[in-house]
Amino acid sequence: MHSSFVHLFTSEHHFPHKSNLETYKSQLKDWIKGNVTQCGRSMFIFDEMDKMHPGLIDSIVPYLEYYDRLDGVSYRSAIFIFLSNAGGEVITQTALDFWKDGRAREDIKLVDVEMPLSVTAFNDKNGWRHSSLIDKNLVDVFVPFLPLEYRHVIQCVGAEMRARGLQPNQEVAAELAEEMSYFPKSERVFSVKGCKTIHTRLNFYI
């Protein structure tokens, strides 16, 4: 990530005011064109797509369409990544349905979630709403982030301990994991917050 060719945009930081939407569109197009001109393999990451103003992301549609060159610049090797919570309910429900049917989380295939995920993103009131990126099939693949189970939380604790130069301790990992919140409440299958709070919580156990 520490590269001048990787560019991260977050909606609330870079595009906070709806009244400036047209300005943001122009600035975004210029930024992408300028950086791809310098490096054809530039990467652009758009975080919080679900919080982005509808219509903004469509300003970059020409750069994702199948032109060899646009105004003398080729965007075919540029990488665009869109991160979003839109469709999270679809992913969660799919994971729960698999669990109820006695099937493992790892059995979930892309085909099980991709279509409902794209439809939900397209219709919800978020940055994807009625976006031409979806309507024109310009998003190559929707990658779902599946909810994490207890065993994954244990692994996260171990990884965090190793990152701090500590020897992983199963007792500490189990104690921390037990204190996390899970759903459904009675069965405690999936972690509500995934592993997001492991970094700070671990301070209270070591």
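So, here is what we can say about the structure in this document. (Residues numbered from 1 in each chain as written. Predicted model: local features only at pLDDT ≥ 70, side-chain atom pairs only at ≥ 80, totals over all residues. Heavy atoms only, no water.)

Section: the environment of Ser74
Phase 1: Examined against the element boundaries, Ser74 turns out to sit in the loop between α3 (61-64) and β3 (79-82).
Phase 2: Residue classification places Ser74 among the partly exposed residues on the basis of a relative accessible area of 26%.
Phase 3: Ser74 sits 11 residues away from Tyr63 along the chain, and the two C-alpha atoms are 8.5 Å apart.
Phase 4: Dropping the residues within four chain positions of it, Ser74 is found in contact with Val36, Asp68 and Arg69.
Phase 5: A polar side-chain atom of Ser74 sits 3.2 Å from the main-chain carbonyl oxygen of Asp68.
Phase 6: Of the polar contacts made by the side chain of Ser74, one reaches the backbone nitrogen of Arg76; its length is 3.5 Å. (Helix = DSSP H or I, 4+ residues; strand = E, 2+ residues; numbered from the N terminus. Buried < 20%, exposed > 50% of the residue type's maximum accessible area, 1.4 Å probe, protein only. Contact = heavy atoms within 4.5 Å. Polar contact = N/O pair within 3.5 Å; in protein donor to acceptor, adjacent residues only side chain to side chain.)

A look at the pattern of salt bridges
Phase 1: In this structure the tally under the stated criterion is 10 salt bridges.
Phase 2: Across the pair Arg151 and Glu149 runs a salt bridge, and its minimum N-O distance is 2.8 Å.
Phase 3: Note that Glu178 is salt-bridged to Arg188, the shortest N-O span being 3.8 Å. Note that Glu178 is positioned in helix α8 (residues 170-178) and Arg188 in the loop between β4 (182-183) and β5 (190-191), a separation of 10 residues in sequence.
Phase 4: One network of salt bridges, with partners in common, ties together Arg105, Glu106, Glu149 and Arg151. (Salt bridge = Lys/Arg side-chain N within 4 Å of Asp/Glu carboxyl O.)

Some words on the packing of aromatic side chains
Phase 1: The final tally for this structure, using the stated rule, is 8 aromatic pairs.
Phase 2: Aromatic side chains Phe9 and Phe15 sit 6.1 Å apart centroid to centroid with 25° between the ring planes, which places their arrangement in the stacked category.
Phase 3: A residue is classified by how much of its surface remains accessible, and Phe15, at 6% relative accessible area, is buried.
Phase 4: With centroids separated by 6.2 Å and ring planes inclined at 45°, the aromatic side chains of Tyr150 and Tyr182 adopt a geometry described as tilted. On the criterion of sequence distance, the pair formed by Tyr150 in helix α7 (residues 150-163) and Tyr182 in strand β4 is long-range, its members being 32 residues apart.
Phase 5: By relative accessible area, Tyr182 is classed as buried at 5%.
Phase 6: One aromatic cluster is present, built from ring pairs that chain together Phe9, Phe15, Tyr24, Phe46 and Phe82.
Phase 7: Note that Arg103 overlies the ring of Phe98, its terminal NZ or CZ placed 3.8 Å from the centroid. (Phe/Tyr/Trp six-rings, centres within 6.5 Å; stacked < 30°, edge-to-face > 60°. Lys NZ or Arg CZ within 6 Å of the ring centre and 35° of its normal.)

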